[in-house]
Amino acid sequence: MSTEPGTSSAPETSAAGTPSAPEATVTETTSPGTPSAPETTAARYERFAAAEARGESAVYAGWATGVAADAELLAAIDELPPQRRQPALLFAVSRLVGAPVGDFGPWREFVLDHWPLVRAEALVRLTQTNEPLRCAALMPVLAAIPGPIALLEVGASAGLCLYPDRFSYRYDGGEPLHPVDGPSAVLLECATNGLVPPPERLPQIVWRAGIDLAPLDVASDDDSRWLETLIWPEQTARLARLRAAMEIARADPPLLVAGDVTEALPGLAARAPTGATLVVVSSGVLVYVVRAERERFVRAVEALDARWLSLEAAGLFPSVVSGLEAATGLNHEQLRGRFALALDGDPLAFVAPHGDRIDWLPRG
Ligand SMILES: C[S@@+](CC[C@H](N)C(=O)[O-])C[C@H]1O[C@@H](n2cnc3c(N)ncnc32)[C@H](O)[C@@H]1O
């Protein structure tokens, strides 16, 4: 979703309850402001090629550049609802239905020839990329919270980030930190900068549960294939990590409930065991929730006896924005495209959107 490489803005969802792509028509500013004018589809694909796919996927960059200059494809894409026009979604569904991965020409021909199929998938699929590597950015904070921990993730996708205690971690190429029962098939590598508190041991997680509007089931071949297709073509290390994490989840499936981050939260939180510290995690999800709903979410978390650990676009929450501004001197505009790690709404670090880098904030 928006947390795909290079996401540059916090989008509004297009309709309540529909996790739209981060392409929605209105770009949100970090403070009440004037929405910018909607971007044309051609401009959106050009921007995707230049700012998001470049350096991440030559194939997607080529497709996006080609689309931006192709009147026939642009006309077809523009018939989709705005939140369904996003490049990452279109490219993934095209691959799902068999488009050749390579040069723009053959891909274009396939997509136009099979447009009804591509369109049908684009209308029902969501970009639900599940990135276990985000656990590497969360871990220094999670490990410092007194446990045992009951972990509840909102916007959990397939729930792969609900297994932070089952992954191995290596920070700055140092000694790896392993689960209590030994090295994991998933090794998460993360670079750090600043005074990141090194996790000494992995937390004890006694309960794990997630909420998603449309939870994906790693036991389902269709859902697994979709999760794999959401990984961009050249990202082979990500794909290997995803597959290994899916194996871990299949061996001990998570409790996932279908619902909205706010609506479903109190009910699921009430199922957490007593005697454990409830930690609500949100990573790469609240960007899909409109501002008023986000505020409701914050109130719902605050009403719980819980900690709230977030890895989200830096501009989403006033408390995070003001904390970042105070710590760094950056202004709203300079926070665009940055992601922040925060505990209970207090920012602690800038992080890479996929979790492979932590820049701890200086503390005065
Ligand atoms: C980018 S994925 C992130 C998944 C996971 N948190 C991670 O970091 O790998 C965002 C997920 O949030 C879900 N989502 C979006 N809006 C939601 C809402 N209002 N309530 C519940 N889930 C939502 C989507 O379905 C999707 O699976």
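Residues numbered from 1 in each chain as written. Predicted model: local features only at pLDDT ≥ 70, side-chain atom pairs only at ≥ 80, totals over all residues. Heavy atoms only, no water.

- Per an unreviewed UniProt entry, the recorded name for the chain is Spondin domain-containing protein, and the organism is Conyzicola nivalis.

**Details of the site of the ligand**
Here is step 1 of the chain: The full set close to the ligand counts 22 residues, and Glu131, Arg134, Glu153, Asp212 and Ser283 are the nearest of them.
Here is step 2 of the chain: Glu153 is positioned with one of its side-chain polar atoms (N or O) 2.6 Å from a nitrogen atom of the ligand.
Here is step 3 of the chain: At a separation of 2.6 Å, an oxygen atom of the ligand approaches a polar side-chain atom of Ser283.
Here is step 4 of the chain: The protein chains hide 98% of the 600 Å² of surface that the ligand would expose on its own.
Here is step 5 of the chain: Split by residue class, the shell around the ligand holds eight nonpolar, nine polar and five charged. (Near = heavy atom within 4 Å. Polar contact = N/O pair within 3.5 Å; in protein donor to acceptor, adjacent residues only side chain to side chain. Areas by Shrake-Rupley, 256 points an atom, 1.4 Å probe, with all protein chains shown as cover. Nonpolar A, V, L, I, M, F, W, Y, C, P; charged D, E, K, R; others polar.)

**Structural notes on the packing of helix H2 (residues 58-68) against helix H4 (residues 87-96)**
Here is step 1 of the chain: As a packed pair, H2 and H4 sit with axes 11 Å apart at the nearest point and diverge in direction by 110°. In terms of axis orientation, H2 runs roughly perpendicular to H4. On H4, the residues touching Tyr60, Trp63, Ala64 and Val67 of H2 are Phe91, Ala92, Ser94 and Arg95. (Axes fitted to C-alpha atoms, helices over the stretch in contact; angles between N-to-C directions. Helix = DSSP H or I, 4+ residues; strand = E, 2+ residues; numbered from the N terminus. Parallel < 35°, antiparallel > 145°, perpendicular 65-115°, else oblique. Contact = heavy atoms within 4.5 Å.)

**Details of the pairing of strand S6 (residues 205-212)**
Here is step 1 of the chain: Across the eight residues of S6, seven count as buried, placing the element largely inside the fold.
Here is step 2 of the chain: Both S6 and strand S7 (residues 255-258) contribute to a ladder of four bridges, which runs parallel. Paired with Asp212 across the two strands is Ala258, which belongs to S7. (Buried < 20%, exposed > 50% of the residue type's maximum accessible area, 1.4 Å probe, protein only. Pairing = 2+ DSSP bridges.)

**Describing the side chain of Glu312**
Here is step 1 of the chain: Looking at the element boundaries, Glu312 is found in strand S9 (residues 306-313).
Here is step 2 of the chain: Of note is the side chain of Glu312, whose polar atom sits 3.1 Å from the backbone nitrogen of Leu286.
Here is step 3 of the chain: For Glu312, the contacting residues outside a window of four places in its chain are Ser282, Ser283, Gly284, Val285, Leu286, Val287, Phe317, Arg338, Phe339 and Ala340.

**Some thoughts on the sheet that holds strand S10 (residues 339-343)**
Here is step 1 of the chain: Taken in spatial order, the ten strands line up as S4-S5-S12-S11-S10-S9-S8-S3-S6-S7 in an open sheet, and their pairing is mixed. Strands with a single pairing partner mark the edges of an open sheet, and in this sheet they are strand S4 (168-171) and S7. Looking at each pair of strands side by side, their axes are set apart by 25° on average, direction ignored.
Here is step 2 of the chain: The pairing of S10 with strand S11 (residues 346-351) spans five bridges and is antiparallel. Pairing of Ala340 across the sheet is with Phe350, part of S11.

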